Amino acid sequence: MSWRFFGDRPTLFRWLVMAIILVGSALTIPQSSATYSSHTIAIGIFASFGAGIVYAFYCIIAQKCLEKFHPVPFTWISFASTLLLSGVSLLLWPAKSGQLDWTPLWIGSIFSGLVSFIGHTLNNVGIRMVGASTASIIGSSSPALTALVAWITIHKTLNVIQSVGIGVVTLGIALLSAEGFVKSLKIRD
């Protein structure tokens, strides 16, 4: 999409990096067990593809908007839109009321919102600095980073395949970083 809208044609090297990150991300996904039906797994696969497509549109729109807006107000607008759509969805599909302990929910929601806002702001700064395509490639490392954070914070055990996947994704991101370094050396020569 970045190629179509901004003329940012992916090089052969970028295609290679995207393939490396895709393979590494696939390796970090836990093996499915017999407890999940193939229907449930298919829904998860389609939801992840849909999320990827929506994220690509978001990055393209963000790159265009961030040419004129600062990342912080843009992130506020994005969060306000999400809050509005979430509120509408709760009106259309109300949650079942039950005995909920609201204090931890509010504390967790506020903390999650602040961390998400900081993450989205940094992502939007990154889109403004390096463009939508590079930010999307880096953003696709999310499954590997999630597995790594789970391993660090809650001591979730990783099998060998998941550890290799994290290493492969890290290699892909390092190669992407090296692309900029190689380009800067060619410009100096």
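Residues numbered from 1 in each chain as written. Predicted model: local features only at pLDDT ≥ 70, side-chain atom pairs only at ≥ 80, totals over all residues. Heavy atoms only, no water.

Which residues make up the packing of aromatic side chains, and what are the values?
Enumeration according to the criterion identifies 4 aromatic pairs in this entry. With centroids separated by 6.2 Å and ring planes inclined at 40 degrees, the aromatic side chains of Tyr58 and Phe74 adopt a geometry described as tilted. Placement of Tyr58 in helix H3 (residues 38-65) and of Phe74 in helix H4 (residues 71-92) is noted, with a sequence separation of 16 residues between them. On the basis of relative accessibility, which here comes to 19%, the residue Tyr58 falls in the buried class. Plain terms: the ring middles of Trp76 and Phe117 are 4.6 Å apart, the flat faces sit at 40 degrees to each other, and that makes the pair tilted. Taken together, the positions of Trp76 in helix H4 and Phe117 in helix H5 (residues 102-130) put the pair 41 residues apart, joining distant regions of the chain. (Phe/Tyr/Trp six-rings, centres within 6.5 Å; stacked < 30°, edge-to-face > 60°. Helix = DSSP H or I, 4+ residues; strand = E, 2+ residues; numbered from the N terminus. Buried < 20%, exposed > 50% of the residue type's maximum accessible area, 1.4 Å probe, protein only.)

Before we move on, could you go through the layout of surface pockets and cite the residues and values that matter?
Of the pockets and cavities examined, the second largest pocket occupies roughly 910 Å³. If you trace the second largest pocket, you find 22 residues lining it, with Ser78, Phe79, Thr82, Ser116 and His120 closest to the centre. Elements with a minimum of two residues in the lining of the second largest pocket: H3, H4 and H5. When residues in the lining of the second largest pocket are grouped by element, the largest group, 10 residues, is from H4. When its residues are assigned to classes, the lining of the second largest pocket shows 12 nonpolar, 10 polar and no charged. (1 Å grid on protein atoms, 1.4 Å probe; cavity = no way out; pocket = protein on both sides within 12 Å on 5 of 7 lines; lining within 4 Å. Points joined across faces, edges and corners; volume = space filled by probe spheres on them. Nonpolar A, V, L, I, M, F, W, Y, C, P; charged D, E, K, R; others polar.)

So, the nonpolar core: which residues are in play, and what are the values?
Among the nonpolar cores identified, the biggest contains 9 residues, and these are Tyr58, Cys59, Ile60, Ala62, Leu66, Phe74, Ile127, Ala132 and Ala135. Going through the elements one at a time, H3 and helix H6 (132-139) are the ones with two or more residues in this core. Among the elements that make up this core, the one with the highest residue count is H3 (4 residues). Not counting residues up to four positions away in its chain, the partners in contact with Ala62 are Phe74, Asn124 and Ile127. (Core = buried A, V, L, I, M, F, W, Y, C linked by side-chain atoms within 4.5 Å. Contact = heavy atoms within 4.5 Å.)

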